[in-house]
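An overview of the molecular structure
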Amino acid sequence: MKKINKIMLWFLIIFFSIFILVNIAVSLFAKPILIKQLEKNLKLHTSLGSISVGLPFSINLNNLEIGDLFRADQVSVTPNVFGFFAGKIILSNMTLVNPVIKLEQASDGSLSLPKPESKDKQGQKQGQKQKQKPAPIYLTSLIIKNGKFTFIDRKIDPTGYKIILGRINANIAKIMLPPSSLKTNFNVVLDFLNPDTQKLGGLNFSGWIDFGPKDMDGVLSIKDLDLTYFSPYYGNFISSKKLLSARLNISALFKSKNNALDIATNFRLSDLTYAPQEEQPEGELPEFNLAQNALDLFTDEHGNLILDFNISTKLDNPNITIGELEKIILKAAAKNLSRQSPETLIKKVSDNIEQFKAIGKNLESIFKGE
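Residues numbered from 1 in each chain as written. Predicted model: local features only at pLDDT ≥ 70, side-chain atom pairs only at ≥ 80, totals over all residues. Heavy atoms only, no water.

Some thoughts on the side chain of Thr 228
What counts here: Helix numbering and strand numbering both begin at the N terminus, where a helix is a DSSP run of H or I of at least 4 residues and a strand a DSSP run of E of at least 2. Three exposure classes are used, based on accessible area relative to the maximum for each residue type with a 1.4 Å probe and protein chains only: buried under 20%, partly exposed in between, and exposed over 50%. Within 3.5 Å is the distance limit for a polar contact, defined as a pair of N or O atoms, with the added protein rule that one can donate a hydrogen and the other accept it, and that residues adjacent in sequence qualify only through two side-chain atoms. Contacts between residues were defined by any pair of non-hydrogen atoms, one from each residue, lying within 4.5 Å.
Along the chain, Thr 228 turns up in the loop between β11 (215-226) and α4 (231-234). Accessibility expressed as a relative area gives 18% for Thr 228, which makes it buried. A distance of 2.7 Å separates a polar atom in the side chain of Thr 228 from a polar atom in the side chain of Asp 226. Aside from chain neighbours lying at most four places away, what touches Thr 228 is Tyr 234, Leu 243, Leu 244, Ser 245 and Ala 246.

Here's what the structure looks like:
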């Protein structure tokens, strides 16, 4: 027994000695090499506080900063040793601690992302020396702790309109068995913030997705979102009148089988208040557009709107046009008529009979699928 204990003690001493030496070597030699490679590939100034190796086997990058695009207190990755034998780089786990990402859109629509080299330069380099393709990189797990994402839009506002997602916590992981499966579990929680970091609303998205058969089962929840902050994006789609306040709650079930994605949505607008409208010149009919006025028409006397509708699309290429979305929403809004009293309806359409006829014709065309 004493001999076994002695062997174990020597093993631990040797192991930790090697571990300390590896950390020293990585700190001295790996750090400048990594910075050089990141700057070469991303064309952005990069700084790194330190690099270390953790147990059981992880590489930790501390105080990493890449231009104005990205910074994090720590980026930790765990390489899969068996992947190297297959000629692949497999990262079993990546953890980002307090990551901050800032993305800008210029007035011409371009994004502040690293630009790849032009084809001419790539061709010149390939002509000088044929290079071997880099090994593909696969990520099986991503954990985000207290992240922040800032989008500055100078296209919609020259001064820079900010959309901020804060307190982002996410856990996205591929299931381990069977190894060939592409099924991935996910859970994402975040807050919408204004430039003063005050909360505008919250989001929770959880479930699983299988990229093999293109199946999915997920739940999306948006709670108490101050919709008026995003008015530069939706314009008069929600209402032809200017909204002073609007609270949005959404609950959506994502179900996909063989790439056929159905999104069953419960859409709730509450606390709707409007800015005073200018009076229309006498004898002139107000301009009416069903898509812009329908939500005003179908809200109840308390200023609330509850819609239940389904969106059908493809999981690998989710796409729906504004026109299609308008029809879906208006069909759902029409169901709310039964909840309103005749007096309320008459009051809403009593401005003039021609406007009421326009509503009827538009609804008729929608329900006929025109």
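Section: unusual backbone geometry
Peptide bonds are, in most cases, trans, and in most cases residues other than glycine have a negative phi. Even without glycine at this site, Asn 98 takes up a positive phi of about 50°. Structurally, the position occupied by Asn 98 is in the loop between β4 (89-97) and β5 (100-105). Here Asn 98 falls in the partly exposed class, since its relative accessible area comes to 26%. At Asn 259, a position not held by glycine, the phi torsion is positive, near 80°. As for its placement among the helices and strands, Asn 259 is situated in the loop between β12 (243-257) and β13 (260-274).

Some details on the packing of aromatic side chains
Keep this limit in mind: Any two rings among Phe, Tyr and Trp, with Trp reduced to its six-membered ring, count as a pair given centres within 6.5 Å; such a pair is stacked if its planes are under 30 degrees apart, edge-to-face if over 60, and tilted if neither.
A complete count under the given rule lists 7 aromatic pairs for this structure. Each ring, one from Tyr 229 and one from Phe 230, has its centre 5.4 Å from the other, and the planes form 85°; the classification is edge-to-face. For Phe 230, a relative accessible area of 14% puts it in the buried group. Seen from their ring centres, Phe 267 and Phe 309 are 6.5 Å apart, and the 45° between their planes marks the pair as tilted. Of this pair, Phe 267 sits in strand β13 while Phe 309 sits in strand β14 (residues 305-314); the two residues are 42 residues apart in sequence, bridging distant segments of the chain.

A closer look at the nonpolar core
Quick reminder of the rule: Residues belong to a common nonpolar core when they are buried Ala, Val, Leu, Ile, Met, Phe, Trp, Tyr or Cys residues joined through side-chain atoms within 4.5 Å.
Grouped together as the largest cluster of nonpolar side chains are 55 residues, with contacts concentrated most on Phe 192, Leu 225, Phe 230, Leu 269 and Leu 307. A per-element tally of this core places β12 first, with 6 residues. Excluding residues within four positions of it along the chain, Leu 225 makes contact with Phe 192, Leu 200, Gly 201, Phe 230, Ala 246, Arg 247 and Leu 248.

Here's the deal with the pattern of salt bridges
Stated formally: Any Lys or Arg side-chain nitrogen located within 4 Å of an Asp or Glu carboxyl oxygen qualifies as a salt bridge.
Scanning all chains against the criterion turns up 5 salt bridges. In this structure, the salt-bridge partner of Lys 199 is Asp 191, at a minimum N-O distance of 3.6 Å. Measuring nitrogen to oxygen at the nearest pair gives 3.7 Å for the salt bridge that ties Asp 215 to Lys 257. Of this pair, Asp 215 sits in strand β11 while Lys 257 is found in strand β12, placing the two residues 42 residues apart along the sequence. Salt bridges sharing partners connect three or more residues here, namely Arg 167, Asp 191 and Lys 199.

Notes on the side chain of Thr 184
In this fold, Thr 184 is placed in strand β9 (residues 183-193). When its relative accessible area of 12% is taken as the criterion, Thr 184 is described as buried. A distance of 3.4 Å separates a polar side-chain atom of Thr 184 from the backbone oxygen of Leu 182.

Observations concerning the environment of Ile 156
Looking at the secondary structure, you find Ile 156 in the loop between β7 (141-153) and β8 (161-174). Put simply, Ile 156 and Gln 105 are 51 residues apart on the chain and 9.1 Å apart in space, counted from C-alpha to C-alpha. For Ile 156, the residues in contact, after removing those within four places along its chain, are Tyr 161, Pro 232 and Tyr 233.

Focus on the pairing of strand β2 (residues 58-66)
Across a regular strand the side chains alternate sides, sitting on one face of the sheet and then on the other. We apply this condition: Two strands make a pair as long as DSSP finds a minimum of two bridges between them.
Pairing of strand β1 (residues 46-54) with β2, which is carried by 8 bridges, proceeds in the antiparallel orientation. In the strand pairing of β2, Ser 52 is matched with Asn 60. In this structure, β2 lies alongside strand β3 (residues 70-79), joined through 7 bridges in antiparallel fashion. Bridge pairing links Leu 61 to Val 75 in β3. From the end of β2 to the start of β3, which pair antiparallel, there are 3 residues, and Gly 67 there has a positive phi angle of about 50°.

Read these as spatial facts, not as claims about activity.
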